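# Structure assessment
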Amino acid sequence: MESMETRSDGHAPLDRESGSQAESTGEAFLFERFFKGPVRGWGFFEDRFRKIRSRFDIEMTGSWVDDAFVIDEVLRLDNGTVQERRWRVTVLGGGRYRAQVDDVVGEATGQAVENGIRWSYRIGVPVGGRNLVLAFDDRMYGRQAGGSVLNVAVAKKWGVTVGRLVATYRRA
């Protein structure tokens, strides 16, 4: 028997065991449904001249901890660097989200968009031996039934685009 929970934030009941309710009901993409459980992906970061600067593989596992949706993320860059993050996401209702992450300045804010989510945040990124704070406009577009998400994020410094992250994720 599946474990279903009624949410107090205006979302439909969520299947915490499989995260697969949207596939069976045809509902719109929900961030916390797709990222529930193990997710794998890969991608790259290109500079403003479209030169690929780094490639990466990513592993994430999402789970509910009390009222927060927690995603443990491991990012393996092609230069051997490994970055680990823990996203603590609060579902605010009405398609709005808030997240705290150790290397995010302040908090990340998310807003559901048609078939996806748009995140805005400022994060410290190691570049050339120093830590630059970049502003990210991060858009994730999901195919819940297909089990994949396309992530395109534009990175800016002082309002100038410095690069773009492109990644794809699949439920494992």
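All values derive from a computational prediction rather than experimental measurement.

## Remarks on the packing of aromatic side chains
Scanning the entire structure with this criterion turns up ten aromatic pairs. Where Phe 31 meets Phe 69, the ring centres are 6.3 Å apart and the plane angle is 80°; that geometry is what we call edge-to-face. Taken together, the residues Phe 31 in helix H2 (residues 31–34) and Phe 69 in strand E5 (residues 68–77) connect sequence positions 38 residues apart. Under the relative-accessibility criterion, Phe 69 is labelled buried at 0%. Plain terms: the ring middles of Tyr 121 and Phe 136 are 5.5 Å apart, the flat faces sit at 10° to each other, and that makes the pair stacked. Here Phe 136 lies in strand E10 (residues 130–143) and Tyr 121 lies in strand E9 (residues 116–127), a separation of 15 residues in the sequence. There is no split in this pair, since Tyr 121 and Phe 136 are both buried. An aromatic cluster of three or more residues is present, and its members are Phe 31, Phe 34, Phe 35, Trp 64, Phe 69, Tyr 97, Trp 119 and Tyr 169.

## Section: the environment of Gln 111
Counting through the fold element by element, Gln 111 comes out in strand E8 (residues 104–113). Once residues lying within four places of it in the same chain are set aside, the contact partners of Gln 111 are Gly 94, Gly 95, Arg 96, Ile 117 and Arg 118. Within the structure, Gln 111 has its side chain in polar contact with the backbone oxygen of Gly 95 (distance 3.4 Å).

Reading the values: rules and limits
- Residues numbered from 1 in each chain as written.
- Predicted model: local features only at pLDDT ≥ 70, side-chain atom pairs only at ≥ 80, totals over all residues.
- Heavy atoms only, no water.
- Phe/Tyr/Trp six-rings, centres within 6.5 Å; stacked < 30°, edge-to-face > 60°.
- Helix = DSSP H or I, 4+ residues; strand = E, 2+ residues; numbered from the N terminus.
- Buried < 20%, exposed > 50% of the residue type's maximum accessible area, 1.4 Å probe, protein only.
- Contact = heavy atoms within 4.5 Å.
- Polar contact = N/O pair within 3.5 Å; in protein donor to acceptor, adjacent residues only side chain to side chain.

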